[in-house]
Every structure is written in structure tokens, then in C-alpha cells.
Amino acid sequence: MTPEELGRMLDAYRDGTLGAEDAAALAGALRAGGEEAKRIRRELELAGQLARVFEGADDADFLRSFEERMRAEAGQSQFIRAFEARSAAGTEGRPRRPRLSRRLWTASSPAPWIGAAAAALIGFGMVLLLGRAPSRPATHAPPEGAARDVAARPEEATPHPVRPPLPRPAPAAPTGAAEPDVPPVPPAEPAPPEEGPTPPTAPPPPRPVPVPPVSAPAVARVEETPAPPVPTPEPPPTVARPRATETAVAILEQFQGRIVVTGAGGELPVRPRMPLMTGHTLLVIGPGAADIRFPDGTRVEVQRDATVVFPAKPGASARLEVTEGRILADVVRQPAGKPFVFATAEAEAVVLGTRLAVTAIPGLTRLDVYQGRVRLDRRQDGASAMVGPGQYAIAAKGRPIEAIGPAPAVPRRPRTAAVTGFTLINADTDQPVPGFDPLIDGAVLHLNRLPTRNLNVRANTAPAEVGSVQFALDGRPFKNAEWRVPYALYGDSVKGDYAAWEPSPGEHVLTATPYEKPDAKGEAGLPHTITFYVIDRDR
Amino acid sequence: MDEREWIQRAQAGDRNAFGEIVRLHQARLRAFAARYVDRSEDVFDLVQDAFLDALRNLLVFDARQEFGPWLRAICRNRIRNYWRERRVRRTAHQALVDAALEEGMGAMEDDLDDAVGKIRALERCVGELQPAHRELLQLRYARGIPVADLARRLDRSPPAMSMILCRIRGALMKCMERSLEAGLP
């Protein structure tokens, strides 16, 4: 086969569009060996190498990441026990795990050796990170065998908070062949389900939960002893610092999905009606939401994948910091001169009483106002915009801050068709991504928290079938209009089998326009436009 | 201190020594895994998993043997496991090719010492490409955008887009060969 034919086949193989004939040809060539097989392997090898070149992660990134893995492993006592036992066996020439375990578990403190071993592993990570020669004495790492020595003297062991078990990677499957020296590894765990978000840690309570209103006496001062913070899943950049005194500023009225609240003492048990204190951080992990109520009756819904912080700084003007994601707020009328302020990294939304939404992604803050008027102040230069009902404004470096909208009025002439909304599709399962049906204006997509990176967007029309739908992404219309249901942004190879698309991080503006006839011909219907934001923590 | 001594120290429980082993082997092992797995984030995870497997099983390793082949064998197990898990997401036709690839997995290991050098050469050659071609490769290989989508984005037909990619890859291969022959970094 010619290089072009081979290239086309391998592209199709990679994209999952390989036909039966080409698949048989490729498999046959590989099995036959020889030059053809070498060419195929070389091409595939190049694809992996190109991915490696473009990934941008250098050796230091790898070592740093591996150190984090080691730290995570350090929280798993079973692993530490096994490693400690091996280390001991290695020193003395034979395994002695039972004796070691028995001796450790009879210690007065609960497994103090875990702390010592974790400290040793963290020290090892430091060495990895800094690239020190291990022969030099490491400041943070104990000398060889130190963990065992400390374990043998539990009274000297440093107390160390033990993390909850983290999800372990799937172990490798046994090969049962060839490599006599390969250690036996357990069989593969079943593949994770294709669809659905991370299961919530706590069952979501039924909504709505009747809760009495928070009154002024509910604002109480609570003394807490500072303690080292316990890591939480993807902690936000502004993790609450330990404080001797915390003040209740709101309550968590109700919630759905997985919610994490951290305070000075680390992660707190989450329950409906729990008080939220100054310095607390609240995270919504994956699909879900948390309803917060302030004493004055102001309500804030923290939406999926969003993080908010209750400022700990005394006298801070902001009542709530939106670190990431989107919140929806219904702010009651505030006293003159004492506005309710939502703060983000880029801006402050100063509110006297209204319904609004604040969306924060790295480098950009968006304010949507549904009722009343809100001033958006940009931190960078103090520029501001007054945003009225139906309008929005964006605070970002290098962009003018101004009120935009409201959306143009519907033309008077009756339309034959309309795009009524969008749905985010999981291209692996061809089903809507939970929480993104519809994909609303201002939505924030965290790629690493979605069930897949293989995505697509479906335009929903009225009527359900129209002549064609023309998409435009970020102002660029696509060459071909979608002419059959489902109307997919990135197409569907077979009817309903969506092609995969991974959106790039940042802001995207998506427009779909229905047409009376195929190929975007005939009368144009009512278009629909949204702006959405993509965050990719892996990049 | 040579590798054998690091291994012996690691087997005796010296974690710093294991850190040194990771530092010595990670680049080559990542280059090795990149031959079989085209998603760079998966390569990253796989290789870390392989090092953790090695750490867990370090005592069964005979320190008189070569450590690299042992580590690669562990990594190969991880890759096979990854392929098995991936099967549920593959089409029947992809699976046919996957099976043939898996059968001949060892056939690609005859020039392993060059794996890191190839990556370095490729980095250099990619840097010499036209910006538009470099961006195209990034969309295709770093972000995994299908050829049909790239074609749509750039107003080309899918076969034409495949042809363009094929020519860029061909140019890169020639450039890599030249670089390796000339001993360029």
C-alpha cells in the first residue's frame, strides 16, 4: 500500500471510522510481518511520540507528579505496611511482615508508623523534586531505615494525619507469558462505566428541604482549634487558613451531589443546615448544587464544579468570593452604603438587590443580571460597568468592560423554524452529559471532571426536524450545514453516532441557525447563541 | 554509584535510592510507552503506575539482572491492561487491528536505546515545521481531533486532510532520520 493509503487507514483506525476491508488489510499486514508491518508500527509509534512532544510535560513535571502519586499512596496504610514490611525484610534477608505488623499494632498510638513512613515518602518526593543526589544527606528525608526505627519507638513518632483512602489505579493484568522476572500483578479491574459522573459521597437529600429562616441570633462565634488542613479533591487556590476564631455568616440550606466544605480544621462533615463560617471554602464536585442562605435572606446557589470562599479577612467588603465556576444569586435589598459584594480574581460585583449570576474562570469573570442593576468593578484598573436587566459584562485583561445586550428582539416576521437550545453530548455514549442538557449560556465545562473528553453539541430545534442547521463557533461558520437529525456541531458519522470533539480551553461563542432547506438554503429561522467556558486542569 | 547499587539500596528500604532509579529511567520508559499509547496523559499515568508496581515488587527483582528490561516488562503489562480496558470503547474494526498489534508487541523493541533520542529529534523537527503545520499536528495528536473535524474546520475534504497529515508525518520522519544520523540532539 502507498504511504498515502496507509496514512488514510491509520487516521481512520485512530478515529474509529475504519472500515472492515481496511481493518483486515492492516491486521493482515501486521501479522505478516516484514517491511509493511514495520511501516505501520513506525507510523503508530510516531503518533505516540508526537503526542509526547506536544504534551509539554518535561521530566521535572513527571517527577513532580510522581511525587504527588507517592504522597497519595502514603495515605494508604496497606501500601505503607507492605512497603515497610518489605523494607524490613530486605534489610534482614527474609520477610517478617507478621511480626512487624503485630509489633506495630500493639503500639499505644494508632499506627504511628504510618506517619513516619509518610514523612519518609514525602522526603523521598522532595529529593525527587529537587533532583538532589541521594548520597547527600537530605534535609527532609530520614536516613535509611529511619521509618522502621521510629516505628519501633512509637513514643517518638510524629503524629501525622492519615488521609482517607484515595482511589487506586487499576492494577496491571498478568501476562502469564514470557517474562519470568515480571512480578505477578493482580488482574484488571472491570472497566469503569462509560456514562455518569463520580458517584456522590453522600446521598442527595430530597429537594426542597423545609428550613426555618436564619435569624440574627444564628450568627454565632465559634472557637476552633487550628489544625493542619486535610487535603480535599482539587482544593481551590484560596484554601482557608487556620484561624482561631470563625464567625458563622450563612447556612448551607440544602445541597445535591457531592459537596466539600473545608475550614481551619480541614474537611468538615457536610449536612443540611450546617453553619458556614468565615474562612470556609465550599466546593461542588461534579454535577450538583448547594443552596446558601445569608441572615438577611439573600440566597446563593453554587452550581456544578464551582468553588466559593467566605472571606476570613476582618472587615472585608466582599461577602462571598467566587473562586471558580458559576453562582446564581437572589440578593435582597441591601442597606444604603452597604452593598453585597461578590468578589472574583478579576472583579467585584457590587449589588444593592437583584437577581444575578457570577461566573469565574481563570482570567475572566462574567456577570449576568436578570433583575435590577449591578456594578462590575475590574480590579486591574478600577474600570467599571453598570449592568442592567438582561445584560451581561465581562471583566478580563485586555477587554473593554461594558454592559452587553440585551439580546436582540425577536423579529416581527414569523419564522418557520428556530433553534431552541443546545445539549452537550457524550460522544462515547451518544447521550447527553448529565447537568448539561440544556447547555446554557455562561456554562462552565471542566474537561477533567466530565465523564469524557469526547464531546459534541446537539442543536435542538422547533420543529424537531428542519431543512438544515448551520453552526458557527467563535464567529467562524462551518462549511457544511447539518442536514439530518441530530444536528451536531461536530457531526455524526452514522445517524446518532456522534463524532468526538474536545473543545479547547477558554471562552467559546456558539451559534446555530436553522434553515428551511438542506445546505443552509431557503429561509433562515431564529438562531440561538450561547457563550460557554472550558477549563482544562490537565493542560 | 552505579544503577545496581541504587537498586540494592532501594531494596534495603532506601526511598531516596528508588527516587534516583525513577530519575534514571523515566524518560526512556515514557518514550517506550509512547510507542504503544497515543494519548500522552495515558502514557504519563501508565509509566507512573509501572514505577509503583516496580516499587511494590522490588524485593522479587534479582539485582544481578538488568533493571531496564524488568521495568519495561512491567510497563508492557500495564500497556496490555490499558488496551484491554480500552476494548469496550473500540469499534470491532479497531479491535481487529489492536489484536494484531498486541500479538507483535515485542517486535518494536529492537532499537530501544534510541527511544529518548527519537523524541529529542522529533522535538527539533517539529520546531522546524511551518507554524500552520505545527498547529495542525497539535490539534491532531495532542488534542485527538478527528480528521473529519479538522477537515471541516479547514474547509478541506477528509481525504485531502489525511493526505496533508501524511505528508507532514513523512517530512518529520525524514527529518528525524537525518537528525539521528547526524547525531544532533
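Residues numbered from 1 in each chain as written. Chains lettered and ligands numbered in written order. Predicted model: local features only at pLDDT ≥ 70, side-chain atom pairs only at ≥ 80, totals over all residues. Heavy atoms only, no water.

1. Some words on the overall build of chain B
- A count of helical and extended segments in chain B gives nine helices and zero strands.
- When the elements of chain B are put in sequence order from the N terminus, they spell out α-α-α-α-α-α-α-α-α.
- Taken over 185 residues, chain B has a buried fraction of 58%. (Helix = DSSP H or I, 4+ residues; strand = E, 2+ residues; numbered from the N terminus. Buried < 20%, exposed > 50% of the residue type's maximum accessible area, 1.4 Å probe, protein only.)

2. Observations concerning the packing of helix α3 (residues 40-56) of chain B against helix α4 (residues 67-86) of chain B
Residues and elements named next belong to chain B.
- Between α3 and α4, whose axes approach to 9 Å, the crossing angle comes to 130 degrees. On the basis of their axis angle, the class for α3 and α4 is oblique. Between α3 and α4 lies a crossing of right-handed hand. Contacts between α3 and α4 involve Asp-42, Leu-46, Val-47, Asp-49, Ala-50, Phe-51, Asp-53 and Ala-54 from the former and Trp-70, Leu-71, Ile-74, Cys-75, Arg-78, Ile-79 and Tyr-82 from the latter.
- Looking at the contact of α3 with α4 residue by residue, the class counts come to 11 nonpolar, no polar and four charged. (Axes fitted to C-alpha atoms, helices over the stretch in contact; angles between N-to-C directions. Parallel < 35°, antiparallel > 145°, perpendicular 65-115°, else oblique. Left-handed = near helix turned anticlockwise from the far one by under 90°. Contact = heavy atoms within 4.5 Å. Nonpolar A, V, L, I, M, F, W, Y, C, P; charged D, E, K, R; others polar.)

3. A closer look at the packing of aromatic side chains
- One pass over the structure, following the stated rule, counts 14 aromatic pairs over all chains.
- Here Phe-340 of chain A and Phe-342 of chain A contribute two aromatic rings whose centre-to-centre distance is 4.8 Å and whose plane-to-plane angle is 35 degrees, an arrangement assigned as tilted. Each of the two residues, Phe-340 of chain A as well as Phe-342 of chain A, counts as buried.
- With 5.5 Å between their ring centres and 45 degrees between their planes, Phe-67 of chain B and Trp-70 of chain B make a pair best called tilted. Taken as a pair, Phe-67 of chain B and Trp-70 of chain B lie in helix α4 at a separation of three residues, close to a single helical turn.
- By way of ring pairs, the aromatic residues Phe-62 and Phe-66 of chain A together with Phe-44 and Phe-51 of chain B are connected into one cluster.
- The ring of Tyr-392 of chain A carries Arg-366 of chain A above its face, with NZ or CZ at 4.0 Å from the centroid. (Phe/Tyr/Trp six-rings, centres within 6.5 Å; stacked < 30°, edge-to-face > 60°. Lys NZ or Arg CZ within 6 Å of the ring centre and 35° of its normal.)

4. A few points about the sheet that holds strand β16 (residues 418-426) of chain A
- Pairing is antiparallel across the open sheet formed by four strands, whose spatial order is β17-β16-β19-β22 (chain A). Looking at strand neighbours, the two that pair on one side only are β17 (431-432) and β22 (487-488) of chain A, the edges of this open sheet. (Pairing = 2+ DSSP bridges.)

5. A look at empty space enclosed by the protein
- With the rule as written, the count across this model stands at four cavities of 30 Å³ or more.
- Empty space within the largest cavity amounts to approximately 90 Å³.
- What lines the largest cavity is Gly-7, Leu-10, Asp-11, Arg-14, Glu-43, Leu-44 and Ala-47 of chain A together with Asp-38, Tyr-141 and Arg-169 of chain B.
- Among the secondary structure elements, those contributing two or more residues to the lining of the largest cavity are α1 (3-15) and α3 (34-55) of chain A.
- Top element by residues in the lining of the largest cavity is α1 of chain A. It accounts for four residues. (1 Å grid on protein atoms, 1.4 Å probe; cavity = no way out; pocket = protein on both sides within 12 Å on 5 of 7 lines; lining within 4 Å. Points joined across faces, edges and corners; volume = space filled by probe spheres on them.)

6. Some remarks on the pattern of salt bridges
- Within this structure, the stated rule accounts for 32 salt bridges over all chains.
- Across the pair Asp-49 of chain B and Arg-78 of chain B runs a salt bridge whose closest N-O atoms are separated by 3.9 Å. With Asp-49 of chain B in helix α3 and Arg-78 of chain B in helix α4, this residue pair connects regions lying 29 residues apart in the sequence. Each member of the pair, Asp-49 of chain B together with Arg-78 of chain B, is buried.
- In this structure, the salt-bridge partner of Arg-64 of chain B is Asp-62 of chain B, at a minimum N-O distance of 2.9 Å.
- One salt-bridge network, held together by shared partners, links Asp-11, Asp-15 and Glu-43 of chain A together with Arg-140 and Arg-169 of chain B. (Salt bridge = Lys/Arg side-chain N within 4 Å of Asp/Glu carboxyl O.)

7. Focus on the packing of α3 of chain A against helix α6 (residues 115-127) of chain B
- As a packed pair, α3 of chain A and α6 of chain B sit with axes 10 Å apart at the nearest point and diverge in direction by 70 degrees. The pairing of α3 of chain A with α6 of chain B is recorded here as roughly perpendicular in orientation. Every residue of α6 of chain B that contacts α3 of chain A at Glu-45, Leu-46, Gln-49, Leu-50, Arg-52, Val-53 and Phe-54 of chain A is listed here: Lys-118, Ile-119, Leu-122, Glu-123 and Val-126 of chain B.
- The class makeup of the residues in the contact of α3 of chain A with α6 of chain B is seven nonpolar, one polar and four charged.

8. Re the pairing of strand β14 (residues 384-387) of chain A
All names here are of chain A.
- Burial along β14 is one-sided: the residues Ala-385 and Val-387 are buried and none of Ser-384 and Met-386 is.
- Direction of pairing for strand β13 (residues 374-378) relative to β14: antiparallel, over a ladder of four bridges. Across the sheet, Leu-376 pairs through a bridge with Ala-385, a residue of β14.
- Linking β13 to β14, which pair antiparallel, is a turn of five residues; within it Gly-382 sits at a positive phi near 80 degrees.

9. Some remarks on the confidence of the model for chain A
- On average, residues of chain A score 68 in pLDDT, and 63% of them reach the 70 mark or higher.
- A low-confidence stretch, residues 75-244 of chain A (pLDDT under 50), is modelled with 274 contacts involving residues beyond four sequence positions or located in other chains. (pLDDT = per-residue confidence, 0-100.)

10. A few points about the confidence of the model for chain B
- Per-residue confidence for chain B gives a mean pLDDT of 84; residues scoring 70 or more make up 93%.
- Scored as a whole, the predicted complex attains pTM 0.40, and scored at its interfaces, ipTM 0.86.

11. Notes on unusual backbone geometry
Residues and elements named next belong to chain A.
- Residue Pro-438 is reached from Asp-437 by a cis peptide bond, and omega for that bond is 15 degrees.
- On the secondary structure map, Pro-438 appears in the loop between β17 and β18 (444-446).
- A cis amide bond links Val-485 to the next residue, Pro-486, at an omega of -5 degrees.
- With respect to the element layout, Pro-486 can be found in the loop between β21 (476-477) and β22.
- Despite not being glycine, Asp-519 shows a phi value in the positive range, around 60 degrees.
- Tracing the backbone through its elements, the reader meets Asp-519 in the loop between β25 (506-517) and β26 (521-524).

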